[in-house]
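Fold and contact review
Chain by chain, the residues:
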Amino acid sequence: ENIPLLPGSPRRLSPRAVVRGGQGPKHGQQCLQAPGPPAQGLQGSVPQGSGQASGGGSAPNSSVINNYLEASEPVSSEARVSRMHFYDSQRKVDYVLAYHYRKRGAHPGHSSPGHNLAIVSNGETGKDPQAGAPGDIELGPLDALEEERKEQREEFEHNLMEAGLELEKDLESKSQGSVFVRIHAPWQVLAREAEFLKIKVPTKKKMYEIKSQGSIAKTFSKILHKLSAPLKPRVPEHSNSRMKNLSYPFSREKMYLYNIQDKDTFFDNATRSRIVHEILKRTTCSRANNTMGINSLIANNIYEAAYPLHDGEYDSPGDDMNDRKLLYQEWARYGVFYKFQPIDLIRKYFGEKIGLYFAWLGLYTSFLIPSSVIGIIVFLYGCATIEEDIPSKEMCDQQNAFTMCPLCDTSCDYWNLSSACGTARASHLFDNPATVFFSIFMALWATMFLENWKRLQMRLGYFWDLTGIEEEEERAQEHSRPEYETKVREKMLKESNKSVVRKLGTSGTEAEDEDDEDKLTWKDRFPGYLMNFASILFMIALTFSIVFGVIVYRITTAAALSLNKATRSNVRVTVTATAVIINLVVILILDEIYGAVAKWLTKIEVPKTEQTFEERLILKAFLLKFVNAYSPIFYVAFFKGRFVGRPGSYVYVFDGYRMEECAPGGCLMELCIQLSIIMLGKQLIQNNIFEIGVPKLKKLFRKLKDETEPEEADSAHSKHPEQWDLDYSLEPYTGLTPEYMEMIIQFGFVTLFVASFPLAPVFALLNNVIEVRLDAKKFVTELRRPDAVRTKDIGIWFDILSGIGKFSVIINAFVIAVTSDFIPRLVYQYSYSHNGTLHGFVNHTLSFFNVSQLKEGTQPENSQFEQEVQFCRFKDYREPPWAPNPYEFSKQYWAVLSARLAFVIIFQNLVMFLSVLVDWMIPDIPTDISEQIKREKSLFVDFFLKEEHEKLKLAEEPARRSQSSGHCSKRGPAASPAPSGRSQLGSSASSGSQHTSV
């Protein structure tokens, strides 16, 4: 017997599931089949929205849209045409909602195995006359929370259908399990939302060529194209890199402008899912306290996940190709590391936001190539000139016999400066005149990189039609975060329950005026701001205290190792290596802690929108991670060895432990070791091992959890899982903040202290070649498909990059002036040297000390020196013991200090000037793009006038024919266009939500 469905009703409906055995209705039919043999005459299909019910009478103006009802012999997964569609194999799944349900006292009936489907319609089902039939499932009583969530889901899904979406969901046939709600957006909804979102789509105008600038540029472009052909991925987008479609915002009134051959494929999958996501974000649920959007429902555990589907499997056998499989083969494998990225395909599949990230990462990686080459040249220059370095020769010359003061009290003996020969020679590799040039080059490199990124961003914005994106960003600001809505609701309840009732009851302008008051003010946020300020100060203090703890470890360990004769010779190497490893481990641990703390602090602030939340989270996380990563390096660069004192008047910590000194060759070598180990360790352990290992562990844990859960599994289903099942098992996408953050910290390592470590760009380049493919593989194979988000730039990250670039100029100026010996050598060479060379420089930098003035109890015990030492040397510019003011700072000290300050000022202003000059010389908008924008406007005006002319010509032609033939009454109605003046395509497209078969 057929059970006719009731027409849609204006009151809130309960689209409860009705599941019966037997033959399900065909696509578009508005009736349900009760148990029994398959009825004859149900093989036909009635178009949706026709208002007819098969076998159930007429239902005029009914908005009921039914999906397939699973038959007693369901369609096998192997027989399915596509796993991306509803079970009718026609309607595409544009979005999936997932939730977990649990029943109490459920008694499964004799329902058939397989993917039993619950019917979700835009109207109410008729009352079931045969309750308790063999095909039924007796639902046990649900607990209060589960029942409430179920009602909220039903209302939300009903509201989605009121918005025009079509839904298909699984039957809750087990005691517990996951249910997937598949969502399909018909053409009518896609057209309406595309017009509302002003989505630009290709017009009938064919692709036009982007002209090159002049014949020389054209020839050079052709040569470059031929040379780079093996490096280009084999994807369709790269074959027409000089071609562009003429696009125009979608409008239902101007359907004649667009080349709509197939309505199912006119909007790509990413655009379709983006449209559905916009509807999901603005759909309300009154049962959930008027909660706005799917994000709020997920936050309240009403739904577990919401995601668009991937375009099939990436490793499926056979020749069938989809965008995901193409991305995997040409982009997400380590074997194609030498190829360019298919940025257009990435943008098409993942959206503009992720496309811009990979475009930025690709440009940054390519810019590291010239800086790596220059860095290697600077390093090789240091290696080549090491034998010609006069100061290191003097230090290694044993005939000079500079007797140095003891490095520690009592247990340390006097020592010869020639014993530090190896350290001095190694320091020259990084402390030579070429590093100054390299620092200037890297400052200009950072400026050029940012300028080229702005140009590439504009170029991509032009090709991706991102002009006018500001309106979309303003719309994004309209959606409040679930936590913000909850806080506002709590505030309203605290003020007065009566006022809440009054506000809910009012309507019109009064309610709108009061809505403005229902916001969180600075007074409401003040406790959060105070907690943020105090917590950030505490975290920074914690970082500094850990750095101080490592310093104490170095001092005490050095003192302990100096007591033993066997370990005394390798004290400095042992202490430096172990301290750096401790610093690395602490940095890795605190990085994870600070990431979680930054997120918690941002939640306390209760930002209104997701964009505000993301920006504040980025700033906090960057501040904490920046301090964490660079504080040990800052200590070695600018503070170590500055507060040691002098022989006879050393600075002590913890009663008896002297502050640590720099090595005889200076602290630059130790800074290089510290920087290289922390940089390489972070990249190797945190960025690669964590990124590869942690997702695999999570996947394994989730697999073990699924195996241990008592759930009735369907063997056929587990053998051939649907695409939504496969995607549900993937990791959820959590944003690009971690990806950007690790690259920004690396950018700091490359630019901030590059004067001490010229090979930093080389190691960054090697890391990024792997990082690009690692991130690509993660997005393609391990993460659920993200929502396509349109954005015109990389946001606050560009400001952070620009800030680091400017800050690096100051840091490198101080590293060269303070940490290295570059300035003292210049001052000696041009002010104190007798022959204009560096001969005598080492002696010039060493001061004398009378050993008889050592404090009692600090003299060396059992000195091994043959003759009695009267004077020892120490590295500082101080007056000798026989001077009128012994051990005071000498004139040379003040001359070197003034030269250092002068160098910082000159270097900083010179580099800043050159950076501004580079910025001015390189326009933000490429000349060819600005001309193409003007050309495109002209082309579109011509195209628009031509289409309007053809439209008017088609409208006038029937009238002319009718006048000439004299049969106006017969030919006029048949040939006249739609009353709205649209073409047949435009009028048919807006006449309803019909599905266009492929």
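These numbers were taken from a predicted model, which means no experiment stands behind them.

Per the secondary structure count, the protein includes 32 helices and 21 strands. Taking all 998 residues of the protein together, 50% fall into the buried category. Put simply, 80% of the contacts in the protein that link residues at least 6 apart link residues at least 24 apart. Total accessible area on the protein stands at roughly 48,200 Å², and carbon and sulfur atoms take up 58% of it.

With that settled, consider unusual backbone geometry. Of note in this structure, Ser-89 is not a glycine but carries a positive phi near 60°. With respect to the helices and strands, the residue Ser-89 is situated in the loop between strand 2 (31–33) and strand 3 (95–102). Under the relative-accessibility criterion, Ser-89 is labelled partly exposed at 26%. Phi is positive for Asp-465, which is not a glycine, with a value near 55°. Structurally, Asp-465 is set in the loop between helix 12 (433–463) and helix 13 (470–478).

For the rest of this paragraph, the subject is the side chain of Asp-727. The topology assignment puts Asp-727 in helix 23 (residues 723–728). For Asp-727, the contacting residues outside a window of four places in its chain are Tyr-307, Pro-308, Leu-309, His-310, Arg-324 and Arg-784.

With that settled, consider helix 11 (residues 421–430). Among the 10 residues that make up helix 11, 7 are buried, leaving the element largely enclosed by the rest of the structure. Cys-421, Ala-424, Ala-426, Ser-427, His-428, Leu-429 and Phe-430 are the residues of helix 11 that are buried.

Turning to the environment of Phe-757, a few remarks are in order. Here Phe-757 is to be found in the loop between helix 24 (737–752) and helix 25 (760–782). On a C-alpha basis, the gap between Phe-757 and Leu-671 in space is 8.2 Å, while along the polypeptide they are 86 residues apart. Setting aside residues no more than four positions away along its own chain, Phe-757 makes contact with Phe-430, Cys-672, Leu-675, Ser-676, Met-679 and Phe-763.

Glancing now at the environment of Gln-829. Secondary-structure assignment places Gln-829 in helix 27 (residues 822–832). Residues Gln-829 and His-839 lie 10 residues apart in sequence; the distance between their C-alpha atoms is 8.7 Å. Discounting chain neighbours no more than four positions away, the residues touching Gln-829 are Gly-836, Thr-837 and Leu-838. At 3.2 Å, the side chain of Gln-829 and the backbone oxygen of Gly-836 are in polar contact.

A complete count under the given rule lists 2 disulfides for this structure. Here Cys-396 engages in a disulfide with Cys-421; their sulfurs sit 1.8 Å apart. Looking along the S-S bond of the Cys-396-Cys-421 disulfide, the torsion reads about 95°, which is the right-handed sense. Taken as a pair, Cys-396 in helix 10 (residues 390–396) and Cys-421 in helix 11 lie far apart in primary sequence, 25 residues in all. Put simply, Cys-405 and Cys-872 are joined by a disulfide, and their sulfur atoms are 1.9 Å apart. Across the disulfide from Cys-405 to Cys-872, rotation about the S-S bond amounts to roughly 80°, and the bridge is consequently right-handed. Here Cys-405, found in the loop between strand 14 (403–404) and strand 15 (415–416), pairs with Cys-872, found in strand 21 (residues 871–875); they are 467 residues apart in sequence, far enough to count as distant. Cys-872 carries the same exposure label as Cys-405, and that label is buried.

Taken as a whole and assessed by the stated rule, the structure comprises 31 salt bridges. A salt bridge links Arg-153 to Glu-146, with the nearest nitrogen and oxygen atoms 4.0 Å apart. Here the two residues Arg-153 and Glu-146 agree in accessibility, since each one is buried. Its salt-bridge partner being Arg-658, residue Glu-661 comes within 3.1 Å of it at the nearest N-O pair. Residue Glu-661 is classed as partly exposed on the basis of its relative accessible area of 26%. According to the relative accessible area criterion, Arg-658 is buried, its value standing at 11%. Taken together, the salt bridges that share partners define one network made up of Arg-554, Lys-640, Glu-660 and Glu-670.

The contact between helix 9 (residues 352–384) and helix 11 brings their axes to 7 Å, and the two run at 145°. The hand of the helix 9/helix 11 crossing is right-handed. Seen from helix 9, the contacting residues are Phe-379, Gly-382 and Cys-383; seen from helix 11, they are His-428, Leu-429 and Phe-430. Among the residues forming the contact of helix 9 with helix 11, the class breakdown is 4 nonpolar, 2 polar and no charged.

For strand 5 (residues 166–170), the tally of buried residues reaches 5 of 5 residues, placing the bulk of the element in the interior. Here strand 5 shows no split at all, with Glu-166, Glu-168 and Asp-170 on one side and Leu-167 and Lys-169 on the other all buried. What sits between strand 5 and strand 6 (residues 176–184) in their antiparallel hairpin is a turn of 5 residues.

All right, on to the packing of aromatic side chains then. Under the definition given, this model contains 56 aromatic pairs. With 6.2 Å between their ring centres and 20° between their planes, Phe-438 and Phe-441 make a pair best called stacked. In this pair, Phe-438 and Phe-441 are both assigned in helix 12, 3 residues apart and thus about one turn of the helix distant. The class of Phe-438 is buried, set by a relative accessible area of 0%. A residue is classified by how much of its surface remains accessible, and Phe-441, at 22% relative accessible area, is partly exposed. Note on Phe-757 and Phe-763: the rings are 5.9 Å apart at their centroids and 15° apart in plane angle, and the pair reads as stacked. In this structure Phe-757 comes out as buried when scored by relative accessible area, which is 4%. Geometry around Tyr-99 places Arg-153 over its ring, the cationic atom sitting 3.8 Å from the centre. Positioned above the aromatic ring of Phe-889 is the side chain of Arg-878, whose terminal nitrogen or guanidinium carbon lies 4.3 Å from the ring centre.

Let us now look at helix 29 (residues 891–921). For helix 29, with 31 residues, the first-to-last C-alpha span of 45 Å sits near the 45 Å given by 1.5 Å per residue. Buried within helix 29 we find Val-896, Arg-900, Phe-903, Val-904, Phe-907, Val-911, Ser-915 and Val-918.

Trp-360, Tyr-364, Tyr-630 and Phe-753 are the most contacted members of the largest nonpolar core, which totals 114 residues. Considering each element in turn, this core owes the most residues, 14 residues, to helix 20 (residues 610–639). Residue contacts for Phe-753: discarding those within four places in its chain leaves Tyr-630, Ile-633, Phe-634, Ala-637, Phe-638, Leu-671, Leu-675, Gly-748, Ile-811, Asn-812 and Val-815. Counting residues in each nonpolar core, the second largest holds 42 residues, with Leu-167, Ala-191, Phe-250 and Leu-257 among its members.

Two numbers describe how helix 8 (residues 343–350) lies on helix 9: the axes approach to 7 Å, and their chain directions differ by 150°. Classed by the angle they form, the pair helix 8 and helix 9 counts as roughly antiparallel. You can see that helix 8 and helix 9 cross each other, and the crossing is right-handed. For the pair helix 8 and helix 9, contact is made by Ile-343, Ile-346, Arg-347 and Phe-350 and by Glu-352, Ile-354, Gly-355, Phe-358 and Ala-359, respectively. Looking at the contact of helix 8 with helix 9 residue by residue, the classes come out as 6 nonpolar, 1 polar and 2 charged.

Here the focus is the confidence of the model for the protein. In the predicted model, the protein carries a mean pLDDT of 75, and the fraction of residues at 70 or more is 75%. Taking the mean pLDDT of every element in the protein, the minimum, 30, falls on strand 2 and the maximum, 92, on helix 9. With pLDDT under 50 throughout, residues 1–74 is counted as low confidence; its partners more than four residues away or in other chains account for 166 contacts.

In this section: a positive patch on the surface. Residues Lys-696, Lys-699, Lys-703 and Lys-777 make up a contiguous surface patch of positive charge. Examining the composition of the positive patch, we find that 3 residues originate from one element, helix 21 (residues 668–708), more than from any other. For Lys-699, the location among the structural elements is in helix 21.

Relative to the helices and strands, Arg-646 resides in strand 16 (residues 645–646). Each C-alpha atom, one on Arg-646 and one on Cys-405, is 9.8 Å from the other, the two residues being 241 residues apart in sequence. When neighbours within four sequence positions are excluded, Arg-646 is seen to be in contact with Phe-849, Phe-874, Arg-878 and Tyr-887.

Calculation criteria
Residues numbered from 1 in each chain as written. Predicted model: local features only at pLDDT ≥ 70, side-chain atom pairs only at ≥ 80, totals over all residues. Heavy atoms only, no water. Helix = DSSP H or I, 4+ residues; strand = E, 2+ residues; numbered from the N terminus. Buried < 20%, exposed > 50% of the residue type's maximum accessible area, 1.4 Å probe, protein only. Contact = heavy atoms within 4.5 Å. Areas by Shrake-Rupley, 256 points an atom, 1.4 Å probe, with all protein chains shown as cover. Polar contact = N/O pair within 3.5 Å; in protein donor to acceptor, adjacent residues only side chain to side chain. Disulfide = S-S within 2.5 Å. Salt bridge = Lys/Arg side-chain N within 4 Å of Asp/Glu carboxyl O. Axes fitted to C-alpha atoms, helices over the stretch in contact; angles between N-to-C directions. Left-handed = near helix turned anticlockwise from the far one by under 90°. Nonpolar A, V, L, I, M, F, W, Y, C, P; charged D, E, K, R; others polar. Pairing = 2+ DSSP bridges. Phe/Tyr/Trp six-rings, centres within 6.5 Å; stacked < 30°, edge-to-face > 60°. Lys NZ or Arg CZ within 6 Å of the ring centre and 35° of its normal. Expected span 1.5 Å × (residues − 1). Core = buried A, V, L, I, M, F, W, Y, C linked by side-chain atoms within 4.5 Å. Parallel < 35°, antiparallel > 145°, perpendicular 65-115°, else oblique. pLDDT = per-residue confidence, 0-100. Patch = residues over 30% accessible without salt bridge, like charges linked within 9 Å, V, L, I, M, F, W, Y side chains within 5 Å. Lys, Arg positive; Asp, Glu negative; His and termini not counted. Charge placed at Lys NZ, Arg CZ, Asp CG, Glu CD.

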